[in-house]
Each structure stands twice: as structure tokens, then as C-alpha cells.
Amino acid sequence: MRLHPMRSPLTALAAALAALLLGAPGVRAASPAVSAGTAGLAAAVCNAYCDARDPALSPQDRQPVTAGIFSRTLTLHVDDADAMGWASVDNGNPGDEVWLDRSFDGGRTWSSGSKLGDTTVPAGQRGRRTLMYNVDDWNTEGVGALRACGKAGDRPDIACTQWARTTWNAWDRRTAAATALMTSFDRGTKLFGGNGWWTGANALTAIIDNIRVSGMPSYRYAIAETYDANIGAQQGNFTNEYLDDTGWWGLAWVDAYDLTGDSRYLATARADADHMTAYWDGTCGGGVWWSQARTYKNAITNELYLQLTAALHDRIAGDTAYLGRAQAEWAWFRGSGMINGDHMVNDGLTSGCANNGQTTWTYNQGVVLGALTELSRATGDTGLLATARTLADASTVRLAQDGVLREPGEGDSCTGDGPSFKGAYVRGLGRLDAALADRPYSGVLNTWAGSAYAHDRNALDQYGPHWAGGAGSSDYGCQQSVLDLLNAAG
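Rules behind the numbers
- Residues numbered from 1 in each chain as written.
- Predicted model: local features only at pLDDT ≥ 70, side-chain atom pairs only at ≥ 80, totals over all residues.
- Heavy atoms only, no water.
- Phe/Tyr/Trp six-rings, centres within 6.5 Å; stacked < 30°, edge-to-face > 60°.
- Helix = DSSP H or I, 4+ residues; strand = E, 2+ residues; numbered from the N terminus.
- Buried < 20%, exposed > 50% of the residue type's maximum accessible area, 1.4 Å probe, protein only.
- Disulfide = S-S within 2.5 Å.
- Pairing = 2+ DSSP bridges.
- pLDDT = per-residue confidence, 0-100.
- Contact = heavy atoms within 4.5 Å.

Draft legend 1. Just the packing of aromatic side chains, in detail. By the definition in use, this model includes 26 aromatic pairs. Seen from their ring centres, Trp-138 and Trp-168 are 5.4 Å apart, and the 20° between their planes marks the pair as stacked. Placement of the pair is Trp-138 in the loop between β7 (133-134) and β8 (145-151) and Trp-168 in the loop between β9 (159-160) and α2 (173-182), with a sequence separation of 30 residues. The exposure classification of Trp-138 matches that of Trp-168, with both residues buried.

Structure (C-alpha cells):
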């Protein structure tokens, strides 16, 4: 495994010594987006070695991506052993130019003022290569990517390869997807995408789960950094006007507590559950409102409340209060009518307290599975797992298209709320599957994961919205969802 050994600033000598003593170092979080043209020349990065190292010293040469321009071939070369890369141009002419771009936000931005290793083909030759540059900046939590770029002589056209990186902290499909997700972790705000709130809670949960299932601790720092930077945001304790947002954060902090044992995370999860409890009332016979405006009682908020209160009971010795709330929530939810005759969960209730028939979003089918699994653990009632299995049997069939999970109305964009839904679904399905002796859903999870890996992934291990393949963008919502899938599938 290739892991980051420490976080304090390192000189090149100290970094090399750390690599020798502690094993191969790895990467850290994405630095804030650097606007093109604003950064000027990039400061040299020093990890095991400093930038501008001779490629002749590289112990290996892997070539993940190439591009062509006017019969020239541009190639990105990577040294996985030292986490560095260089660019080359071949079949060219004197005066042809080649350089590297480096990005610390997954290729969304880079500094156009710093063509790393910029060089030209000398007279009498047909090719040229740059010096080697680090992919990541371990001292500033920069999760990086490189691409090779070039131009033919004095022609204005520029071509670049796809973005790619080394296999450091990316040695299998799970760790590679986690590393790609961390390129969206904003070093300034400590939120994914810069300001992702409930979606950021889901992305952090996917990272925490990945640490547990993959054994790679390199991004563990994101837990405390997110907490410390945002504990006072909005209404404090990760609460805001939307009660489902609060539930997502509460579950993220339960997950953080399970991994770290840090009691402050459990205390915040309790504060989140208590905040939600304040918005439970007798309208429609019970249930938590979606928002503080008290205009809508919906499925996702109450599923999250069920899972959170059950989880707290399972982690607080001698608790009876949270267990009582969880049992009351399930009794109400089961009788609310939101579970329809097809064993699918519609979005919520009408003002007249009837099932509103709205879309059966994937996350509404998935969170309830994790919630019932947690409540079964709390009570010892295996009948809850049987109920969850009935729901899962329905959703794994009804939500699949051509054998692969697809969100109702799934679009080509990875921005907004919807791209996070499928991740919440497979997370819940995976937790139910792990609680069942015969592991009935491992096959379908692996089928979906195999399809996404084969058909929905670029050279940087970024994923799009369609796990069966197809056109689409990439952003942290889609990346979080596929990481949840890969975590669940193994």
C-alpha cells in the first residue's frame, strides 16, 4: 500500500528518509482551486524528491495517456514508485514545444502561468522530454493530477492528454476512487466542492467508510478538519433549517466516532438527533418535518431520523431515550403510507397525510435499509431484517435498467443534489447485505461496480452519472456515489 507517512512540512531529505523508514508516502487533500492565469510560476514541490528531477533517474516509465497533434505524439509518463511524472513529444520537428500541467482539483483548474518543464525540440532532433515533477504536494494536502501538453512549432493549436496520476493511494478501484474524490475536498472551507453541505456530509461518509474497508488511512485528516472548520457554521453543530441535512451530518459523525473513538463526534451526533426531535409532532400522527417551516413530512428525513436514533442507542450505554424514539419512528413510518404496494418508498405525504405518489428516488429506498439494519441491532428483532429484505428485493429490480442501478430521471450532470442519491442507496443496501448471513445482494453490488468501473470511468478514476456508461460530466456527487458502491462491493 502507498500511504502518506506524516503531515508536518518535509524537506526533500526528510521526505526521502520518511519514505525509507515508514514505507512509500502518499497523498493529501486537494488544495483550493487555482484560477487559470492567477498563480504565476508554481512553487517547487518537494516530496520524496523535489520537482525538476531527471527522468533518467526514474525506476519505471508507465504511460497512461497520450494525445496527438499534427502527427506528433504527446505522452504523459509516470513513475509510480516516486509519484512523479514527465511529458514527451515524439515524431516532431525542431521548435515543437512540450510541457506539463498540474492540477490540485481534479483538472478543473490549473495555473496557465506555469508550464512545468516547458521545453522545445532542439535542432536536428525529432523529440524532447521535460524533467520530472511531483503529482501530489504532501506538505499542503494537495491531491494532484498531471497532463502532457504541447504544440507544433509556431502553430497556435495546443493539444493535451487526459489528466492522470500515479498509483499512490490509488492501488485498486476503491482507493483510486477515494483519491479522485479527495481532489474535490476544499482546503479552505473543508467541505467537498467548496460549499457542499448535506452532499459534503455524504462525501465525508464515503471517505470514512473507505478508510475502514480499504485500510488506507491517508485521508483520515479530513474528518477532524471538516469538524473543526464547520462546527459553528449555519445553526451550529451541523444543524440548519432542513432536518434531513441535519440527519446526514449526524450519521457522518456516528461514522467518524466508530472509526476514531473520538467522543466529540458522538456528542455532535446526539445534538443533531435532539435537534431533529424538536420537529417531531402529532401532525399526520407523528414524524419529523422536512424543514423548520413545518410544511412537509417526507420519507428521507424520517428514515435518517430512524437510523440516527437507532445508531445512538447502539453506541450509548444504558440508553433508553433514543431507542424509544427509534421505535416510535418506525411504528409511525411503517403505518404512514409512504411505503407503497410495490414495496417502494414514495417521496412523502400530502397535506392530507396520504402518500403523495411522488418519485421513488433511490436514496429513499436505501436509507431505510440501513436504518432497519441498525434498529435490528438495537432490538435483536430479526423481523426488521426480513422487512428490509422485502424492500431491497423490490428496489434492486425496479430501480435497475439493463441490469444496472439508475436514478429515476437520471441526467448527464454530476452537480446538484441528485448525483448523491445512488450512493446513499448502495450504502444502505451494503449494510443490509453485510447483516444477512447469505449476503443476497453482494452479487448485484459487484455487477453494478464492475459496470461502472468498465464503462463510466476516465483516466483519473473520475466517474460520471451513468454506471452503465454514456455521456456525462463528473463532479463530487457522482464520485461519492460510486465510492459508496465500490466500498459496498469490495
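Draft legend 2. A look at the state of the cysteines. Counted by the stated rule, this structure contains four disulfides. Across the disulfide, Cys-284 is cross-linked to Cys-353 (sulfur-sulfur distance 2.0 Å). Measuring handedness by torsion sign, the sulfur bridge of Cys-284 and Cys-353 sits at about -80° and is left-handed. Taken as a pair, Cys-284 in the loop between α6 (263-277) and α7 (299-315) and Cys-353 in the loop between α8 (321-335) and α9 (362-379) lie far apart in primary sequence, 69 residues in all. When the cysteines engaged in disulfides are numbered in sequence order, the chain pairs them as 1-2, 3-4, 5-6, 7-8.

Draft legend 3. Quick look at the pairing of β8. Across the seven residues that make up β8, a large majority, seven, are buried. Where burial is concerned, the two faces of β8 agree: the one with Ala-145, Arg-147, Cys-149 and Lys-151 and the one with Leu-146, Ala-148 and Gly-150 are both buried. In terms of strand pairing, strand β4 (residues 97-103) meets β8 through seven bridges, oriented antiparallel. Within β8, the position partnered with Arg-102 by the bridge is Leu-146. Where β8 meets β9, two bridges bridge the pair, whose relative direction is antiparallel. Opposite Gly-150, over in β9, you have Ala-159 as the bridge partner.

Draft legend 4. Expanded view of the confidence of the model for the chain. Residues at a pLDDT of 70 or more form 91% of the chain, whose mean pLDDT is 92. Taken as a whole, residues 4-40 scores under 50 in pLDDT and shows 102 contacts with residues more than four places along the chain or in a different chain.

Draft legend 5. Up close: the environment of Val-121. Within the fold, Val-121 resides in the loop between β5 (116-120) and β6 (128-129). For Val-121, a relative accessible area of 3% gives the class buried. Separated by 32 residues in the primary sequence, Val-121 and Val-89 place their C-alpha atoms 8.2 Å from one another. Here Val-121 is in contact with Val-89, Asn-93, Pro-94, Gly-95, Asp-96, Arg-126, Gly-127 and Arg-128, once residues within four sequence places are set aside.

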